[in-house]
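As a plain string of letters, each chain reads:
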Amino acid sequence: MNFSAACVMGVLLAANGLAQMRTVTLPSKSPVVNVRIVFTAGAVVDPADKPGLAHLTAAMLAGGGTKDLTYKQVVDLMFPMAAALGSQTDQEMTVFSGTTHLDNLAAYYKLVRSMLLDPGWREDDFKRIKDDAINSLRVGLRGNNDEELGKEVLYSALYRGTPYGHYSVGTISAIEKMTLDDLKQFYKQHYTQSNLILGLAGGYSTEFLAQMKKDFAALPAKDETPASAMKPETIDRTRALIVEKNTRSVAYSLGFPIDVKRGDPDYPALLLMQSYLGPHRMSGGRLFQRIREIRGINYGDYAYIEYFPRGMNLMEPSPNLARRSQIFQIWIRPVEPPAAAFTLRLAFFELNNLIKNGIPAEDFNRTKEFLTKYVNVLTKTKNAELGYAIDSLYYGIPGYNSYIKNGIATLTVEQVNVAIRKHLRADRIQIVAVSANAEQLKQQLVGSGPTPIEYNSAKPAEILAEDKLVEKLDLGLRPMDVQIVPVASVFE
Amino acid sequence: MIWKFLLLVLTAGAFVAANAQVKAFPFAYTQQDLPNGLRLVTIPTDSPNLVSIYIVVQTGSRNEVEPGKSGFAHLFEHMMFRGTEKYPPEKYNQILQRAGAASNAFTSDDLTAFYTTFSKEDLAEILAMEADRFQTLKYTQEYFKTETGAVLGEYNKNSSDPEEKLDEVLHDTAFDRHTYKHTTMGFLKDVQDMPNQYDYSLKFFDRYYRPEYTTIVVAGDVDAKQVRALVDKSWGNWKRGNYHPDIPVEPAQQEPRESNIDWPSPTLPLIEIAFHGPAYSDTDKDWAALDALATLAFGRNSDLHEKLVVREQKVDRLVGDMSQSVDPNLFAIEARVKKAEDVSYIRTQILDTIKRFQDELVAAEKLTAVKSRERYGFTMQLDNSQSVAAAVARYVALRRSPDTIDKLYSIYSQLTPEDIRAAARKYLTENNRTIVTLAGPAGGGGK
């Protein structure tokens, strides 16, 4: 079947007028089988007063019992197989994924089928899942992970008032009020064949796939929810949000929405820009070099054009986080407070330079070579390859590797620099900082009063001269553009 | 070839019983020693075009024997990216970029590992470049000081996570003399003093970055003969060293210990109960028995997990773990408790569970399920060249050869309920115990 972007975004209709599920398969001789079952129903279809409902529903299915088995029985049965079913909910997609050995495929699938098609909806499971969701916000995000907190607050701030306006896990007060009936209603409405993409990789049989399709045909055919319109961004000038908490250092995320996603003409150019400015967890990026390697300010500094949660634990992005709208983002890892204001100015300085001067020709050629080969690393596991293939179906592009290789093969440095000037900017940026002493940081960020840095070792004259420019760079922030919020109020 | 044994048709849960004699590590590999003591392990896999190299140096925070030098093995991992005359950092990065490589490094108690995954046509260049930095690393005092800033940055990014603090205090409390007293990251005061330790850094390189401490693991779309020729060419002249660290032996603990941590911001209370356990062994049953016990008593399908996490819902995370280390290290149980007032109840529940495993024999079918899980879990992770090399690297740090994997799983397959009980009685004693708790300002809840 030939898929276009349009058919994936809306409801796919077969010739007989019924919605039908889609499948993505990567058959091989491997005895390891990867299963990815995607529903194109994420946080974006949460009811306005129930942010987090899509996430909680998926968590309940993956972490609860079935009609016939308690959760404990499910765990006991999966245990000897070293198997599990995980769930991930983002704005547009919810994915259930797991890996099993071919020895156990039939037994594993029997459990997965029951979990997704005949859920148990038990109150005691629900209470546990709800606690987990609340604690993931209150403790996991707000309490223990300043960097992820900064990233998610950035997304919430940029998409306020749009369909992506809330974090996929929701808010504590909304989760507390949710009932099992809310989840059942969500499941009935959105867990449909029209939203379903069945993904399979490994040494399964054709009969197995046929059975799986037959089983999932028990789901309702269509999701009648009208598609939401993605509103344009609302940010009209650079602004900062400082999340105040008792913490050692200052974590930053900053960015703005871009009108480019996979499949759009400028995507390969911007991906190349990202690989030049700040490839995730790699030492060759410009930001990493200028902030960490030369100046020793922090642990790392990166740039993104696609949503990439959990970056502190992952070397490569998780698939199935496809979105209709993406942002350009710079992630500055925690900085000692005395260097905090300077470091943010340095990131702005680099962004300004990139837009003004573009990527130098020599760096362009090397980055191009990097990207051509690095796509193989991104899809080095079958599980990742399967996930990328599902995303390619969503975006209406060919296989990711060939899409990128072909997309950058003919790119010129001029084209990339034109795309940079078209889509990037150094004003109208949302800054998020997670920091103690927020008022003090605010005073350092507004205006152009110098915020110099002190080093523990001698630096080359060229760097010291650059620092003189950086330390008084105007971020374009007035006092009224900086908002301070206590951490306890975030995602509450 | 690779998947031959795996394609045997088995029923769920019967893996170990039916395959006690089958190799846990299913790949054919070549292991060779160069005259200078460097070891090379080459593992051809069916990953088309991709190659993954892990260079494992058998030095980690365990080797940080001098006071005030905690965290040094990790700092040195960073210094290895500071370049040589032939390949200054900029050039090094450019070559990796041209290769489209994913490259990084990590340090633990017993090892420092440098890894790179890339397309096979770049193998010769990357092996030569790696050989160069291991033999001729050169950095200025200024570069050294700058890099200590990045290490402090790494401490900072970890510091918002209370689990890191819990680990730090647990080891500091449980150990008196052995270097497992400190974490790989090191004590904050030592990290802050790193800029002043340039001379010591040179000494550290001279001691440990030597062929006899180093094993190169190459996995992927490679030919063993070709790899050996490349390694001979660029690594063959590396000079052997002569340093042997005097790692202090931890004396037997004489009485139970406790510590409490006041965490400055809201979080859920944590409790960790640990006991001194044995060193990793592929010949003796104790280590494997405690590793199995950690899962049997505190794993996801344990009775205690069902009681505390699923039924009573007083705990949202319960894990047991036996450290896999060169020297004797800790067997630890950690729980995250939802309400501060339940911490002492949870403590009692964990201690009662240990007592039960000392008094009673675990059901044979439960042990069989754990054995099956271990085998399937290990096998299923070997689905790409990077995972294969990573799995081998972990064992190379312990025994310098992948053959320890099969030996370990052979021991595992022979474990009996009596072995589990005997290990619980031998190691999980009151005098051998350390308990650490952590709580936020309000005591818990996190609001």
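Just so it is clear, the model here is predicted, and its values are computed rather than measured.

1. Things to note about the interface of chain B and chain A
Part 1: Tallying the contact residues gives 64 residues for chain B and 64 residues for chain A.
Part 2: Elements with a minimum of two residues in the side of chain B that touches chain A: α3 (89–98), β4 (102–107), β5 (112–119), α5 (141–158), α11 (303–311) and α13 (364–381) of chain B.
Part 3: The dominant element in the side of chain B that touches chain A, judged by the number of residues it contributes, is α5 of chain B, at 11 residues.
Part 4: The residue inventory of the side of chain B that touches chain A, partitioned by class, reads 24 nonpolar, 26 polar and 14 charged.

2. Quick word on the domain arrangement of chain B
All names here are of chain B.
Part 1: Along its sequence, chain B is organised into domain 1 (28–235) and domain 2 (257–439).
Part 2: Look at where the C-alpha atoms of domain 1 and domain 2 centre, and you get two points 28 Å apart.
Part 3: Among the elements of the structure, β2 (39–44), β3 (50–57), β5, α6 (162–174) and β6 (214–220) are those that each provide at least two residues to the side of domain 1 that touches domain 2.
Part 4: With seven residues, α6 is the single largest residue contributor to the side of domain 1 that touches domain 2.

3. As for helix α2 (residues 72–79) of chain B
Part 1: Most of α2 of chain B sits out of view: seven of its eight residues are buried.
Part 2: Buried residues belonging to α2 of chain B abut β4, β5, α5 and α8 (198–208) of chain B.

4. Section: the sheet that holds strand β7 (residues 257–262) of chain B
All names here are of chain B.
Part 1: Across the sheet, five strands lie side by side as β7-β11-β8-β10-β9; this open sheet has mixed pairing. With one partner strand each, in any of the chains shown, β7 and β9 (315–322) form the two edges of the open sheet. Going across the sheet, the axis of each strand differs from the next one's by a mean of 10°, ignoring polarity.
Part 2: Examined bridge by bridge, β7 and strand β11 (residues 433–439) share six bridges and lie parallel to one another.

5. Topic: the sheet that holds β2 of chain B
Part 1: Taken together, six strands build an open sheet; the order of strands is β1-β2-β6-β3-β5-β4 (chain B) and the sheet is mixed. Only two strands of the sheet have a single neighbouring strand rather than two, namely β1 (30–33) and β4 of chain B. With direction set aside, neighbouring strand axes in the sheet form an average angle of 15°.
Part 2: Bridge analysis of β2 of chain B against β6 of chain B gives six bridges, and the strand direction is parallel. By the bridge assignment for β6 of chain B, V41 of chain B is matched with V217 of chain B.
Part 3: The sheet strands contacting helix α13 (residues 361–378) of chain A are β3, β4 and β5 of chain B, and the helix crosses β5 of chain B at an angle near 115°.

Rules used throughout
- Residues numbered from 1 in each chain as written.
- Chains lettered and ligands numbered in written order.
- Predicted model: local features only at pLDDT ≥ 70, side-chain atom pairs only at ≥ 80, totals over all residues.
- Contact = placed C-beta atoms within 7 Å.
- Helix = DSSP H or I, 4+ residues; strand = E, 2+ residues; numbered from the N terminus.
- Nonpolar A, V, L, I, M, F, W, Y, C, P; charged D, E, K, R; others polar.
- Domains from an automatic or database assignment.
- Buried ≥ 20, exposed ≤ 12 C-beta atoms within 10 Å, placed from the backbone.
- Pairing = 2+ DSSP bridges.
- Axes fitted to C-alpha atoms, helices over the stretch in contact; angles between N-to-C directions.

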